[in-house]
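Observations on the three-dimensional arrangement
The lines below spell out each chain.
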Number of protein chains: 2
Amino acid sequence: MKQLILAVTLALAAPATAQPTGDLGLIVERASGSLLVVDQSDRAALGRIEGLGDLSHASLVYSPDERFAYVFGRDGGLTKVDILEQAVVNRVMQAGNSIGGAISDDGRLVAVSNYEPGGVRIFDADTLDMVADIPTGSKTIGLVDIPGRRFVFTLWDEGETWIADLSGGTPEITRIEGIGDRPYDALVTADGRTYIAGLFGADHLTALDLWQDAPQPRPILPGYAAGREDLPVYKMPHLEGWALAGQDFVLPAVGQHEVLWVDARSLEETGRTATHGQPVFAMARPDGRQVWVNFAHPDNDTIQVIDSVTKQVVHQFAPGPGVLHMEFTPRGHEVWLSVRDAGKVMVYDTQSFEKLREIDAESPSGIFFTARAHRTGL
Amino acid sequence: MKQLILAVTLALAAPATAQPTGDLGLIVERASGSLLVVDQSDRAALGRIEGLGDLSHASLVYSPDERFAYVFGRDGGLTKVDILEQAVVNRVMQAGNSIGGAISDDGRLVAVSNYEPGGVRIFDADTLDMVADIPTGSKTIGLVDIPGRRFVFTLWDEGETWIADLSGGTPEITRIEGIGDRPYDALVTADGRTYIAGLFGADHLTALDLWQDAPQPRPILPGYAAGREDLPVYKMPHLEGWALAGQDFVLPAVGQHEVLWVDARSLEETGRTATHGQPVFAMARPDGRQVWVNFAHPDNDTIQVIDSVTKQVVHQFAPGPGVLHMEFTPRGHEVWLSVRDAGKVMVYDTQSFEKLREIDAESPSGIFFTARAHRTGL
């Protein structure tokens, strides 16, 4: 019955009237390999796009016009969907096992990071034809876009970060050695300047200043993970959760019941906040004044909200079982939460913490609003 | 003939196919009281919207869905346009003389700042019905939105800044005295935290930390304008041009041939760069690595590009007579320039500085891309 209702909605919505795209979004339904198309302003689902394969750990990026999404599946599938027509428009199996992607600043190139075979492959955003293949001989992680039609990524086995410059058509590669033992994830700051890799085999992270002509690896937060053997790591924290809150970045501590605060300029630790469980995402509201944190099993029914000036928890609540992901509206007045085991996406007012709406979804995980099209390094 | 071609384009473009809105924009044509609708990806004009009255010093903001723009005319007109239908959908004459506006974080309220009668009026974004009138007994300047359905603005005559909180429906006003002698413009940082007013009657600016419970005025850059009597001020610098470039804000110096660099954290001056003329806008590329500067008459044919690490001019060129405004694509790979007296908008690659396209426009001034919908304080 739900399928029927959604199909009718689609038939009415898609061709009838002009549909702007600035406040739309896609929600990954991991169990069913589908995407729910949503409207932020109406706090409603508009339809469903099916046939995307294995969407566990899926992520996606948007075209600059906010019409198309490029979906990176764990199974190596790269799928282009049209959110106005609510349809898959192209799909290629580009590798055996992939781990995320990025889109160039001009929107012309889509890059995918692969474990098997290890490397990065780059596709024409219109046609999904492969335009460059960059084998690395290693599992490849932490792929991001930076200005100037460039991509940055890191080699798990080699501990190297590579910068691929596509401005001239064929990739020019800059290799930076000495990143550290088994980098497992990485991020770039919103200005595309600072690239930070998390290390599985060392007790620090490594930062690169990409504005330097020859970026040099710099260890940061030495010993930050001391004691992480004390607790089992139920889930590796997502470094993409780093976000600027006031003058600090906030980082979910590996294996600890706390978040770390790191000065955005010096990259020195400035404090820790004890939390309800092992944090998975610590996401700053777009204005940076508050940070919302979700947790690993068995505490994944709970959200804590931390004030970024006092570094104190100011609100705690339990939306429901399996809170997997959060996405703020672009100016931060509302937040959407995926509550997987409730089969719901829940919308909250970020000022009053009032629940505004529940939307049915099939095992929802990642939530991606179209405003991401305009940001670097996501 | 041009009108005819545009009309045909409009007829083809508007209803035929789905039109996403993420890469659109509007360009103010001040002499003809019209707006040119443009597409960033195609680097092309899609059509023209006419009948907007006096558009000298006009500005505009976008609805969260990037479909509607609210245009603030100097004549007190508030006009709502639909960029998908390329039409005026509503227009009210809300005051005798107005000076800009803002839209609340939830997109529900549009506020306009007025000289005559002095104050701020707030309108329902759907209907343009007035929902609140805040008379100030003073010319009112520097109106911005901040999170939590709030607006901030400043009184020229009284030297006060007011915060209007609309979260409860009717405005709750917080008055902050002691801003200084005749504030003429103000800005808020992208996180909505720091509000800075320029003063006509004093040799400093005044900053407020809006995260404080009771924000206290703090003088910054004392003596920054010393010597401004030496040169005539052809045009008051636009404080909205302040933008974060690396760790600094860049500020066009009043009446001087230079830009000032101000530490974004301490608000202390960190350097000055000599420029070709009196700067009007000093705008950071979205990644902050370079700053583009245009100038007052008689140097308004020229652009200089400054590196924000070395603070040195790295490029200079003359696009043509009357360069009035610049707008970067959201991720900064291209920049559009209004060259008024050439009747052209010119599009440049920001990496190679190559000119990519010229687009005909009637005395173009302000350029506004739809990605502004997702940003605070514009």
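- You'll find chain A entered in an unreviewed UniProt entry as Protein nirF, with Pukyongiella litopenaei given as the organism.

Observations regarding the overall build of chain A
- Assigned secondary structure in chain A consists of 1 helix and 32 strands.
- Relative to the 2.2 N^0.38 estimate, which gives 21 Å for 378 residues, the radius of gyration of chain A is 20 Å and therefore close to what a compact globule would have.
- Overall, chain A is about 55 × 50 × 30 Å in size when its C-alpha atoms are taken along their principal axes.
- Sorting the 378 residues of chain A into buried and exposed places 60% on the buried side.
- Looking at chain A as shown, the accessible area adds up to about 13500 Å², and 48% of this sits on carbon and sulfur atoms.
- Each charge sign in chain A was given a centre, from 31 positive and 51 negative side chains, and these centres are 2 Å apart.

Details of the pairing of strand β31 (residues 355–360) of chain A
All names here are of chain A.
- Pairing of strand β30 (residues 344–349) with β31 involves 5 bridges; the strand directions are antiparallel. Pairing of K344 across the sheet is with D360, part of β31.
- Counted between consecutive antiparallel strands, the loop separating β30 from β31 contains 5 residues, among which F353 sits at a positive phi close to 65°.

Section: the environment of V37 of chain A
- In this structure, V37 of chain A sits in strand β2 (residues 34–39).
- Each residue touching V37 of chain A, except ones within four places of it in the same chain, is listed here: G25, L26, A44, A45, L46, G47, I49, I83 and Q86 of chain A.

Describing the packing of aromatic side chains
- Tallied over the entire structure, the rule returns 14 aromatic pairs over all chains.
- With a centroid separation of 6.0 Å and 50° between ring planes, the pair formed by F153 of chain B and W162 of chain B is classed as tilted. Accessibility assignment for this pair places F153 of chain B and W162 of chain B in one class, buried.
- Judged by centre distance (6.0 Å) and plane angle (45°), the rings of W156 of chain B and F200 of chain B are tilted. Here W156 of chain B, found in the loop between β13 (150–155) and β14 (160–165), pairs with F200 of chain B, found in the loop between β17 (194–199) and β18 (205–209); they are 44 residues apart in sequence, far enough to count as distant.
- The ring centre of W261 of chain A lies 5.2 Å from the NZ or CZ of K311 of chain A, which sits over that ring.

Brief notes about the sheet that holds strand β6 (residues 77–82) of chain A
Residues and elements named next belong to chain A.
- The strand order across the open sheet formed by 4 strands is β4-β5-β6-β7, and the pairing between neighbours is antiparallel. Edge positions in the sheet fall to β4 (59–62) and β7 (87–93), since each has one partner strand and no second. The average angle at which neighbouring strand axes cross in this sheet is 20°, direction not considered.
- Pairing between β6 and β7: 6 bridges, direction antiparallel. Within β7, the residue paired with V81 across the bridge is V88.

Some remarks on the sheet that holds strand β24 (residues 279–284) of chain A
Residues and elements named next belong to chain A.
- With respect to topology, 4 strands assemble into an open sheet ordered β24-β25-β26-β27, the strand pairing being antiparallel. Two strands close off the open sheet at either side, each with one partner strand: β24 and β27 (313–317). Each neighbouring strand pair of the sheet contributes to a mean axis angle of 20°, computed without reference to strand direction.

Remarks on unusual backbone geometry
- Put simply, H297 of chain A and P298 of chain A share a cis peptide bond, and its omega is 5°.
- The step from E116 of chain B to P117 of chain B runs through a cis peptide bond, and the omega angle for that step is -5°.
- Position of P117 of chain B among the secondary structure elements: in the loop between β9 (109–116) and β10 (118–124).
- With a phi angle near 50°, L221 of chain A is a residue other than glycine that sits in the positive phi range.
- With respect to the secondary-structure elements, L221 of chain A resides in the loop between β19 (218–220) and β20 (243–245).
- The buried category is assigned to L221 of chain A, whose relative accessible area is 5%.

Let's talk about the pairing of strand β14 (residues 160–165) of chain A
All names here are of chain A.
- For β14, a buried count of 5 out of 6 residues is recorded, marking the element as mostly surrounded by other parts of the structure.
- One ladder, built from 6 bridges, connects strand β13 (residues 150–155) with β14; its direction is antiparallel. Considered in β14, the bridge of F151 is made with A164.
- The antiparallel hairpin formed by β13 and β14 contains 4 residues in its connecting segment, where G159 sits at a positive phi of about 65°.
- As consecutive antiparallel partners, β14 and strand β15 (residues 172–176) are separated by 6 residues, and within that stretch G169 has a phi angle of approximately 105°, a positive value.

Topic: the interface of chain B and chain A
- Listed by partner, the interface residues are 43 residues for chain B and 43 residues for chain A.
- It is W211, R265 and R331 of chain B that lose the most area in chain B upon contact with chain A, and together they represent 26% of the buried surface on that side.
- Counting across the chain B and chain A interface gives 4 salt bridges.
- A salt bridge links R265 of chain B to D263 of chain A; the shortest N-O distance between them is 2.8 Å.
- At the boundary of chain B and chain A, one finds 20 residue pairs in polar contact (both at pLDDT 80 or more).

Re the relation of the copies chain B and chain A
- With an RMSD of 0.0 Å, the fit of chain B onto chain A corresponds to turning through 180° and sliding 0.0 Å along the axis. Such values leave the two copies arranged in the relation of a two-fold axis.
- The overlap is high: 100% of the interface residues of chain B also sit at the interface in chain A, so the same surface is used on both sides.

Description of the side chain of S138 of chain B
Residues and elements named next belong to chain B.
- Residue position: S138 is located in the loop between β11 (130–135) and β12 (140–146).
- At a separation of 2.9 Å, a polar atom in the side chain of S138 contacts the side chain of D157.
- Setting aside residues no more than four positions away along its own chain, S138 makes contact with N114, G118, G119, L155, W156, D157 and E158.

Thoughts on the environment of G101 of chain B
Residues and elements named next belong to chain B.
- For G101, the position within the fold is in strand β8 (residues 97–103).
- Given a relative accessible area of 10%, G101 falls into the buried group.
- Sequence spacing of G101 and H276 is 175 residues, and the spatial spacing of their C-alpha atoms is 32 Å.
- Not counting the four nearest positions on each side in its chain, G101 is found in contact with S59, V61, F72, A111, V112, L143 and L378.

So, the pattern of salt bridges
Residues and elements named next belong to chain A.
- Scanning the entire structure with this criterion turns up 44 salt bridges over all chains.
- The residue E160 makes a salt bridge to R175 at a minimum N-O spacing of 3.1 Å. Residue E160 is found in strand β14, and its partner R175 is found in strand β15; the two are separated by 15 residues along the sequence.
- Residue E160 is classed as buried on the basis of its relative accessible area, which comes to 7%.
- A salt bridge links K355 to E358; its shortest N-O distance comes to 2.7 Å.

Thoughts on the confidence of the model for chain A
Residues and elements named next belong to chain A.
- Model confidence for chain A is summarised by a mean pLDDT of 90, while 90% of its residues fall at 70 or above.
- In the model, residues 1–16 has pLDDT below 50 throughout and makes 13 contacts with residues more than four positions away in sequence or in other chains.
- Contacts of residues 231–235 to residues separated by more than four positions or lying in other chains number 15 contacts, the stretch itself having pLDDT below 50.
- As a predicted assembly, this complex carries a pTM of 0.93 together with an ipTM value of 0.92.

Focus: the side chain of T79 of chain B
All names here are of chain B.
- If you trace the backbone, T79 turns up in strand β6 (residues 77–82).
- Among the polar contacts made by the side chain of T79, one reaches the side chain of R91 at a distance of 2.6 Å.
- Discounting residues that sit within four places of it in the chain, T79 has contacts with L52, A69, Y70, V71, V88, N90 and R91.

What counts and what doesn't
- Residues numbered from 1 in each chain as written.
- Chains lettered and ligands numbered in written order.
- Predicted model: local features only at pLDDT ≥ 70, side-chain atom pairs only at ≥ 80, totals over all residues.
- Heavy atoms only, no water.
- Helix = DSSP H or I, 4+ residues; strand = E, 2+ residues; numbered from the N terminus.
- Rg over C-alpha atoms; globule rule 2.2 N^0.38 Å.
- Buried < 20%, exposed > 50% of the residue type's maximum accessible area, 1.4 Å probe, protein only.
- Areas by Shrake-Rupley, 256 points an atom, 1.4 Å probe, with all protein chains shown as cover.
- Lys, Arg positive; Asp, Glu negative; His and termini not counted.
- Charge placed at Lys NZ, Arg CZ, Asp CG, Glu CD.
- Pairing = 2+ DSSP bridges.
- Contact = heavy atoms within 4.5 Å.
- Phe/Tyr/Trp six-rings, centres within 6.5 Å; stacked < 30°, edge-to-face > 60°.
- Lys NZ or Arg CZ within 6 Å of the ring centre and 35° of its normal.
- Axes fitted to C-alpha atoms, helices over the stretch in contact; angles between N-to-C directions.
- Buried area = accessible area lost by both parts, 1.4 Å probe.
- Salt bridge = Lys/Arg side-chain N within 4 Å of Asp/Glu carboxyl O.
- Polar contact = N/O pair within 3.5 Å; in protein donor to acceptor, adjacent residues only side chain to side chain.
- Least-squares fit on C-alpha atoms with pLDDT ≥ 70 in both.
- pLDDT = per-residue confidence, 0-100.

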